[in-house]
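Chains, contacts and geometry: an overview
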Amino acid sequence: MKYLFISVPALGNKQNTFLNIRGKLSEFHALTYAFNVPEFKIGTLDALVLLSDDLAKHDTAFEQTVNKLADILTNLVKSDSTNGHVSEYMLVNDKPIEEYISTFQWNSMKYRTDKSLQETTATLSQEVSSIDTVMKNKMNAYSQNRNALQSLQRKQTGNLSVKSLNGIVKKEQCVLNSEYLTTLFVAVPKTAYKQWLNKYETLTSMVVPRSSVKIAEDDEYGLFSVTLFQRVADEFVHKAREERFIVRDFKYDEDALQKQKHELDETVAVEKEQQMELFRLARTNFGEVFASWIHLKALRVFVESVLRYGLPPDFTAVTISAKPKYEEKVDAALLAQYGRLGGVHGQAAKQGNDDPNHEELLDHDLQTVNDSSYRPYVEFHLQFDTERA
């Protein structure tokens, strides 16, 4: 989904200018809509030039936040196949994105036009920044709990080198309540059984001879017990690691299996609750931030139009959506129609004008001409992927 927001001089008749553009582009099957940009309090042209740079930075930040929220929604929808397609949840003011953009109206209740452009920009930026911070914190909390859950699940389903031994090791297989002896449990690769049986008694001193017993086995490992004196346990662990035997950190506890199940159930419940909250916030905040992004585009169009075409504001703003194969033709048609504005229109209007502010406008134009994406009319792009995998 790609849109152009352009503005051209209206020459006192916005409607005719819009109809002219729509007529020119209709042969390329481009969808053309009026982009309803209100008039704002302008202030000084120096301030507008500075604001133009700030708006460009905010535009990038807003786009990043929109994409982050879209990625969160995409991942959450993919994790539950019953949710449908992610585009169903990417709504702005309860409308699909395309409908919101094509019928855009400035929200004057939320962003009053009698406020300065700088105030309105600050309000938009603060709102998006606040949402970004909230979502970042929520996502971090969700990710931490999700990682904890995955760790617990690995203990349930992994091989004998990582899974919990609660429920596998029986009480009678352990030396308990001994002042001197202890039992260790070692995961031995199936290809190394012979090596283990030949070496375990001599890895350290004070290992009870013939004390190793295989008590469990899976596709990759066998779990062996070994009895030894407590004072050599640390040394035995170190020596076993050198031989690539994995000594498991385990102490028999009759209640451990029940505690483990309770911890897993509790973590699953928290993860589900956090996921639902994150999904709700991502849906709501996606719409809020996307709407802010379009309002920011409207501000950019207004500011750049004043800087490009002069005062009083007299321009027509248009939203254009063209299929990729027609984009170059649409661009060529606009250049053919408005190529005369390439510095000439602005300079001609300014020559003979005694208003010193016109020199500032001309300077802004000349600074922009060096940009390879420069067009003689105001043009901003919006591109967003609604068909995320």
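Here's what I pulled together on the structure shown here. Note that the coordinates shown come from a computational prediction; the quantities given were computed from them, not determined experimentally.

Topic: the sheet that holds strand S9 (residues 315-321)
Strands sit in the order S2-S9-S1-S10 across an open sheet of four strands; the sheet is antiparallel. The sheet terminates laterally at strand S2 (31-34) and strand S10 (378-383), the two strands that pair on one side only. Between one strand axis and the next, the sheet turns by 25 degrees as a mean value, whatever way the strands run. The sheet contact formed by strand S1 (residues 2-9) and S9 spans six bridges and is antiparallel. The residue bridging Leu4 from the neighbouring strand is Ile320, located in S9.

A look at the sheet that holds strand S8 (residues 246-248)
Taken in spatial order, the four strands of this open sheet run S6-S7-S5-S8, and their pairing is antiparallel. Both edges of this open sheet fall to strand S6 (213-217) and S8, since each of them pairs with a single strand only. Along the sheet, successive strands turn relative to each other by an average axial angle of 35 degrees, direction set aside.

A word on the nonpolar core
Nonpolar side chains tend toward joint burial in soluble globular proteins. Formed by 77 residues in total, the largest nonpolar core has its most connected members in Phe286 and Phe290. Setting aside residues up to four positions removed in sequence, Phe286 forms contacts with Val66, Leu69, Ala70, Leu73, Met90, Leu91, Ile97, Leu281 and Phe384. Among the nonpolar cores identified, the runner-up in size contains 17 residues, and Leu184, Val207, Leu228 and Val247 belong to it.

Describing the environment of Ser178
By secondary structure assignment, the location of Ser178 is in the loop between helix H4 (117-157) and strand S5 (181-189). Accessibility expressed as a relative area gives 26% for Ser178, which makes it partly exposed. A sequence separation of 52 residues divides Ser178 from Gln230, and the C-alpha atoms of the two residues are 9.3 Å apart. One polar contact links the side chain of Ser178 to the main-chain amide nitrogen of Tyr180, over a distance of 3.2 Å.

Regarding the pattern of salt bridges
Counted under the stated rule, the structure contains 14 salt bridges. With a shortest N-O distance of 3.2 Å, Glu243 and Lys199 are connected by a salt bridge. Here the residue Glu243 occupies a position in the loop between helix H6 (233-242) and S8, and Lys199 occupies one in helix H5 (residues 193-199), the gap between them amounting to 44 residues. Here Lys261 and Asp265 are joined by a salt bridge, their closest N and O atoms 3.1 Å apart. Highlighted residues: Lys261 and Asp265, both in helix H7 (residues 256-309), separated by four residues, approximately one helical turn. Connected via shared salt-bridge partners are Asp59, Lys297 and Arg300.

The rules we used
- Residues numbered from 1 in each chain as written.
- Predicted model: local features only at pLDDT ≥ 70, side-chain atom pairs only at ≥ 80, totals over all residues.
- Heavy atoms only, no water.
- Pairing = 2+ DSSP bridges.
- Helix = DSSP H or I, 4+ residues; strand = E, 2+ residues; numbered from the N terminus.
- Axes fitted to C-alpha atoms, helices over the stretch in contact; angles between N-to-C directions.
- Core = buried A, V, L, I, M, F, W, Y, C linked by side-chain atoms within 4.5 Å.
- Buried < 20%, exposed > 50% of the residue type's maximum accessible area, 1.4 Å probe, protein only.
- Contact = heavy atoms within 4.5 Å.
- Polar contact = N/O pair within 3.5 Å; in protein donor to acceptor, adjacent residues only side chain to side chain.
- Salt bridge = Lys/Arg side-chain N within 4 Å of Asp/Glu carboxyl O.

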